[in-house]
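Close look at the chain arrangement
Next come the chains, spelled out residue by residue.
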Amino acid sequence: MAEAIYVGGLLVATPLLDDPNFRRSVVLILEHDVDGGTLGVVLNRPSEIAVTQVLPVWDTLVSGPAVLFEGGPVQTDSALALAAVPSGEEPLGWRRLHAGTPAVSRLGTVDLDAPPEILAGEIAQMRIFAGYAGWTSGQLESEIAEGAWYVVDSEAGDTFDADPGRLWRSVLRRQHGELAFVATHPDDPTMN
């Protein structure tokens, strides 16, 4: 398990976290500043809304499932897109995450106001998120100390997992030691 919050890391909700916005969520950290706070997107909350309904010009570039993802409870009326590039190049309309981890070294944000044609041949995978998760300075650290989140390393396939519904369990299952057992925690402990 990772020790510190860092860009490219994952926040995995512990079974104690029962806030409906984050229950069993996996959040990719996109920005972290000790003084300014933390921003991320929930990776495992696909919505029922097809990308074609909201941003049809981007539909052909989105990786399956081709729906908007619920990125978090902040600014749910705005969209944020993540895309992976196949090479080390930085195409126009794409900005690399400032992370030192190989798992997210080819991951960045997409300018959704840019013409999709300029990125069409430049990106390998893409997802669009409605809203994001945000914490003020010290807030996330407090939640981690209270036992609401595990901070773990991400792997290259996490952001664009084809079956986002299983991501919470699969991220926990690959952890070392007792943390891997949390993946078997029942949805409803009273049914155990």
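Heads up: the structure comes first, above all this text.
Presented here is an overview of the structure given in this document. These figures come from a predicted structure and were not determined experimentally. (Residues numbered from 1 in each chain as written. Predicted model: local features only at pLDDT ≥ 70, side-chain atom pairs only at ≥ 80, totals over all residues. Heavy atoms only, no water.)

As a further point, take the pairing of strand S6 (residues 74-84). With 7 bridges connecting them, S6 and strand S9 (residues 125-135) associate as antiparallel partners. Paired with Leu82 across the two strands is Arg127, which belongs to S9. Examined bridge by bridge, S6 and strand S8 (residues 107-110) share 4 bridges and lie antiparallel to one another. Note that in S8 the partner of Ala84 across the bridge is Leu107. (Pairing = 2+ DSSP bridges. Helix = DSSP H or I, 4+ residues; strand = E, 2+ residues; numbered from the N terminus.)

In this structure, Trp168 sits in helix H3 (residues 167-173). Trp168 sits in the buried class, given a relative accessible area of 3%. As a C-alpha pair, Trp168 and Leu17 span 151 residues in sequence and 13 Å in three-dimensional space. With sequence-adjacent residues up to four places away left out, Trp168 is seen in contact with Val12, Ala13, Pro15, Arg24, Ser25, Val26, Asn44, Val182 and Ala183. Within the structure, the side chain of Trp168 is placed 2.8 Å from the backbone oxygen of Ala13, a separation counted as a polar contact. (Buried < 20%, exposed > 50% of the residue type's maximum accessible area, 1.4 Å probe, protein only. Contact = heavy atoms within 4.5 Å. Polar contact = N/O pair within 3.5 Å; in protein donor to acceptor, adjacent residues only side chain to side chain.)

The next point concerns the packing of aromatic side chains. For the coordinates displayed, the defined rule picks out 4 aromatic pairs. A centroid spacing of 5.9 Å and a plane angle of 90° characterise the contact between Trp135 and Trp149, whose relative ring orientation is edge-to-face. In this pair, Trp135 is assigned in strand S9 and Trp149 in strand S10 (residues 149-152), connecting sequence segments 14 residues apart. What makes Trp135 buried here is its relative accessible area of 5%. By relative accessible area, which is 3% here, Trp149 ends up buried. An aromatic cluster of three or more residues is present, and its members are Phe22, Trp135 and Trp149. (Phe/Tyr/Trp six-rings, centres within 6.5 Å; stacked < 30°, edge-to-face > 60°.)

The next thing to look at is the side chain of Arg24. Secondary-structure assignment places Arg24 in the loop between strand S1 (10-13) and strand S2 (26-33). A polar contact is formed between the side chain of Arg24 and the backbone oxygen of His185, at a distance of 2.7 Å. Sequence-distant contacts of Arg24, defined by excluding residues within four places in its chain, comprise Ala13, Asn44, Arg45, Trp168, Arg169, His185, Pro186 and Asp187.

For the rest of this paragraph, the subject is the pattern of salt bridges. Taken as a whole and assessed by the stated rule, the structure comprises 5 salt bridges. With a shortest N-O distance of 3.4 Å, Arg174 and Glu155 are connected by a salt bridge. Separated by 19 residues along the polypeptide, Arg174 in the segment after H3 and Glu155 in the loop between S10 and H3 bring together distant segments of the chain. What makes Glu155 partly exposed here is its relative accessible area of 43%. Two residues, Arg174 and Asp158, come together in a salt bridge whose shortest N-O distance is 2.6 Å. Of the two residues, Arg174 sits in the segment after H3 while Asp158 sits in the loop between S10 and H3, which places them 16 residues apart along the sequence. (Salt bridge = Lys/Arg side-chain N within 4 Å of Asp/Glu carboxyl O.)

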